[in-house]
Amino acid sequence: MEALVSLALGLLTACGVYLILRPTTFSVILGLSLLSYAVNVLIFFGARLKSTAPPLTIPGLSDQTDPLPQALVLTAIVIGFGMTAYLVALALMSKAESGSDHVDAGGER
Amino acid sequence: MMAHLPILPVLIPLAAAVLLLIAANAGLAVTRAISVASLILLAVVGAVVLDAANDGTIRVYRLGDWPAPYGIVLVLDRLSALMVALTSFLGVAVVLAAVSGTDARGRYFHAFLQFQMMGLNGAFLTGDLFNLFVFFEILLLASYGLLVHGGGLQRARAGIAYVVLNLSGSALFLIALGLLYGFLGTLNMVDFGVALQSVAPVDQGVVAVMCMLLVTVFLLKAAVLPIGFWLPHVYTAATLPVAALFVIMTKVGIYAALRVTTIGLAAAPFTADLLQPWLTWLALGTIALGCVGMFAATTFGLLIANLVIISGGTLLLAVAEPTVTSIAAALYYLVQTTLVTGALFLIADALSRQRGDVADRFTDGPRLQSFTAIGLIYLVIGVAACGAPPLSGFLGKIMVMQAMSGSTHPVLVWTALIVSGFAAALVLARAASVFFWEPGAPGFADRPDLPYVPARGLSLALVVMFCAVVAVSFAAAPVSSYARATAEQILAREAYVPAVLGDPAAVQRERRP
């Protein structure tokens, strides 16, 4: 399980970083999304990998998982979502001004 | 009311921002009135906060009354009070400059400005690492809006680069926080220091790397050498009053690095000297980069952006080797450099309004219609900016040099500070000769149609900043004694533990597998 999660995280991060380094805003945005997925999953597993323990204190149940990373990940998802939406709007604004999706669209400077 | 003092610098701009969004269609006069009133109120609160913190107590404000480390706390000590007061003051000058027409070039300028103030003040006040992340995002999101205010391709492109960079920075921030929480089980800054002391030797490597990653994110905000190339690009794309506000944003990075170093990393032996070997060299490199950038600058805005880079490097020198004298010197330098570079951006705004299409480029342009008052302000602020006696820049640099004489590389630090001062003097004089002494070049008719006197708000903002720089120079003794008391307070880490956590032994700590 640990190996699988680590591999998935590594793959997501690698793809994300590769896409961020691409020259078009569309792939950069995709890359940032992948990277933020990787980060969210990483925070989530900050509470350790437990598949049967609820994040609640239930009488009679001794095994529980830490609920805080779930709250953190929720915050991170919301913020990441808002930021990505803004970036899409900005990319559209740049495309409308320059007619190109290139990150350095519009010539000099 | 005084019990709720620590949260007021966050609530006032939040309330104003919400009000501004509701009143978005009420016309420019109403939004301007709300925004200016809110920021003046904020500046008054900033002064009250500064006065309250000066008694040396550490005020802790528990949000929702949850005890730390379970709940989020705001911590008002001398350092956060100083930063809040400085930010609020700068906010007043920026809003006064912006109402002279800049705010009419797009929608929601004032709402973004208020959210930016909220994020800045929150970042300075919070005592929780994840809450710091949230306030960072608030101030960044507002800064994205302010950056592209006015529209145009250059702003959109700078905006994309800036947003992508900061989203990547946020991802690194979250990676560091996620893993640190996984190992330490806490996000409270004070408790973070306590928990660092009991990290098992086998985990120390990962924890140390995550601490470095955390500080790297702060250095990205502070525009330090390998990750600071975004700054000139972004600051020159923004409208000039916005650039004046952005001056404080690099200081947020320095503040966060200083806070995390003194309250957290200094607590455990394996993290205490983690950064020192890197930061001094990065700081020196940043100063060198800023000097080169100043000479290469083609516009006045770009020149000032490079001055901001140099000031970030100078401040980082103190973070690299935190002692009472170095932090005290850095804090005085921080106050004066924020005021000086902010004032320079406002001067650039006043000048470019009189130069028409040429704006603040270092080329021949129409003759200035009015130059006596602005020339004098430029002279005084320029003297302070390059660190020549008798003004605050000189005092700040002397204090930093004195504090650094006991550091590991005193000769290099002294050389860097002196050379950067001379370089700044040279380029500022060259800029002045272009703006004030060149007669109207052939091909440029005099432009009496351009404003003869800068608009009222901008003039007022210039006067306010000018008075502040002069005040910081002549009231150097109280400011620097406050800075010294601040340095002593933040280095006495143990005093924060009972103030924030109560009895740390009572905190039930889950032992991580």
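Residues numbered from 1 in each chain as written. Chains lettered and ligands numbered in written order. Predicted model: local features only at pLDDT ≥ 70, side-chain atom pairs only at ≥ 80, totals over all residues.

Caption draft 1: Region of the structure containing the overall build of chain A. Within chain A, the secondary structure is distributed over 3 helices and 0 strands. Starting at the N terminus, the α and β elements of chain A follow one another as α-α-α. Over its C-alpha atoms chain A spans a radius of gyration of 19 Å, topping by over 25% the 13 Å that the globule rule assigns to 109 residues. Principal-axis analysis of the C-alpha atoms gives chain A an extent of 65 × 25 × 15 Å. Counting across all 109 residues of chain A, residues that qualify as buried make up 28%. For chain A, long-range pairs separated by at least 24 residues make up 47% of all intrachain contacts whose partners lie at least 6 apart in sequence. (Helix = DSSP H or I, 4+ residues; strand = E, 2+ residues; numbered from the N terminus. Rg over C-alpha atoms; globule rule 2.2 N^0.38 Å. Buried ≥ 20, exposed ≤ 12 C-beta atoms within 10 Å, placed from the backbone. Contact = placed C-beta atoms within 7 Å.)

Caption draft 2: The overall build of chain B, seen in detail. Counting its secondary structure elements, chain B contains 20 helices and 2 strands. A compact globule built from 513 residues should have a C-alpha radius of gyration of about 24 Å, and chain B, at 22 Å, falls within 12% of that. When the backbone C-alpha atoms are referred to their principal axes, chain B occupies close to 75 × 55 × 40 Å. The buried share among the 513 residues of chain B stands at 59%. Sequence-distant contacts in chain B: of pairs separated by 6 or more residues, those separated by 24 or more amount to 80%.

Caption draft 3: Broad picture of the confidence of the model for chain B. Per-residue confidence for chain B gives a mean pLDDT of 88; residues scoring 70 or more make up 95%. The complex prediction reports pTM at 0.92, with the ipTM value standing at 0.92. (pLDDT = per-residue confidence, 0-100.)

Caption draft 4: Summary view of the interface of chain A and chain B. Taken together, the 31 residues of chain A in the interface contact 24 residues of chain B. Counting only elements with at least two residues in the side of chain A that touches chain B, the list comes to helix H2 (25-44) and helix H3 (68-98) of chain A. The element that contributes the greatest number of residues to the side of chain A that touches chain B is H3 of chain A, accounting for 15 residues. Looking at the side of chain A that touches chain B residue by residue, the classes come out as 19 nonpolar, 8 polar and 4 charged. (Nonpolar A, V, L, I, M, F, W, Y, C, P; charged D, E, K, R; others polar.)

Caption draft 5: Highlighting the nonpolar core. Ranked by internal contacts, the top residues of the largest apolar core, which has 227 residues, are Leu316, Leu346, Ile347, Ile381 and Val469 of chain B. By residue number, the principal contributor to this core is helix H14 (residues 324-354) of chain B, which donates 19 residues. (Core = buried A, V, L, I, M, F, W, Y, C linked by C-beta atoms within 7 Å.)

Caption draft 6: Examining the pairing of strand S2 (residues 73-76) of chain B more closely. All names here are of chain B. Neither face of S2 is left uncovered, since the one carrying Val73 and Val75 and the one carrying Leu74 and Leu76 both have all their residues buried. Examined bridge by bridge, strand S1 (residues 59-62) and S2 share 4 bridges and lie antiparallel to one another. Of the residues in S2, the one forming a bridge with Arg62 is Val73. (Pairing = 2+ DSSP bridges.)

Caption draft 7: Here's a closer look at the environment of Gln154 of chain B. Residue and element names in this part refer to chain B. Checked against the element boundaries, Gln154 lands in helix H6 (residues 153-184). For Gln154, a count of 16 C-beta atoms within 10 Å gives the class partly exposed. Residues Gln154 and Ile310, 156 residues apart in the sequence, show an inter-C-alpha distance of 24 Å.

Caption draft 8: Spotlight on the packing of helix H3 (residues 78-98) of chain B against H14 of chain B. All names here are of chain B. For the pair H3 and H14, interaxial distance at closest approach is 11 Å and the crossing angle is 5°. The pairing of H3 with H14 is recorded here as roughly parallel in orientation. Seen from H3, the contacting residues are Leu82, Leu86, Leu90, Ala93 and Ala97; seen from H14, they are Leu331, Val335, Thr338, Gly342, Leu346 and Asp349. (Axes fitted to C-alpha atoms, helices over the stretch in contact; angles between N-to-C directions. Parallel < 35°, antiparallel > 145°, perpendicular 65-115°, else oblique.)

Caption draft 9: Molecular detail of helix H18 (residues 456-474) of chain B. Residues and elements named next belong to chain B. Here H18 is 19 residues long and its end C-alpha atoms lie 27 Å apart, about the 27 Å a rise of 1.5 Å per residue gives. Taken together, the buried positions of H18 are occupied by Gly457, Leu458, Ala461, Leu462, Met465, Phe466, Ala468, Val469, Val472 and Ser473. In the core, the buried residues of H18 are packed alongside H3, H14, helix H15 (372-386), helix H16 (392-404) and helix H19 (476-491). (Expected span 1.5 Å × (residues − 1).)

Caption draft 10: Up close: helix H9 (residues 230-237) of chain B. All names here are of chain B. With respect to burial, H9 is a largely interior element, 6 of its 8 residues being buried. Buried within H9 we find Leu231, Pro232, Val234, Tyr235, Thr236 and Ala237. Against the buried residues of H9 lie helix H5 (129-147), H6, helix H10 (240-263), helix H12 (276-296) and helix H13 (300-320).

Caption draft 11: Quick peek at the environment of Val41 of chain A. Residues and elements named next belong to chain A. For Val41, the position within the fold is in helix H2. Val41 gets classed as partly exposed once you count the C-beta atoms within 10 Å, which come to 15. Sequence separation of Val41 and Ser6 is 35 residues, and the distance between their C-alpha atoms is 10.0 Å.

Caption draft 12: Representation of unusual backbone geometry within the structure. Residues and elements named next belong to chain B. At the junction of Pro389 and Pro390, the peptide bond is cis and its omega measures out at 10° in the coordinates. Locating Pro390 in the fold gives a position in the loop between H15 and H16. The backbone of Asp65 shows a phi angle near 60°, a positive value even though the residue is not glycine. Taking the number of C-beta atoms within 10 Å as the measure of exposure, Asp65 has 7 and is therefore exposed. With a phi close to 60°, Tyr108 is a non-glycine residue in the positive phi region. Relative to the assigned elements, Tyr108 resides in the loop between H3 and helix H4 (109-125).

Caption draft 13: Quick peek at the packing of H4 of chain B against H5 of chain B. Residues and elements named next belong to chain B. Running from amino to carboxyl end, H4 crosses H5 at an angle of 155°, the nearest separation of the two axes being 8 Å. One element, H4, and the other, H5, form an angle in the roughly antiparallel class. For the pair H4 and H5, the sense of crossing is left-handed. Between H4 and H5, the residues in contact are Phe112, Leu113, Phe115, Gln116, Met118, Gly119, Leu120, Gly122 and Ala123 and Leu132, Phe135, Phe136, Ile138, Leu139, Ala142, Ser143, Gly145 and Leu146, respectively. (Left-handed = near helix turned anticlockwise from the far one by under 90°.)

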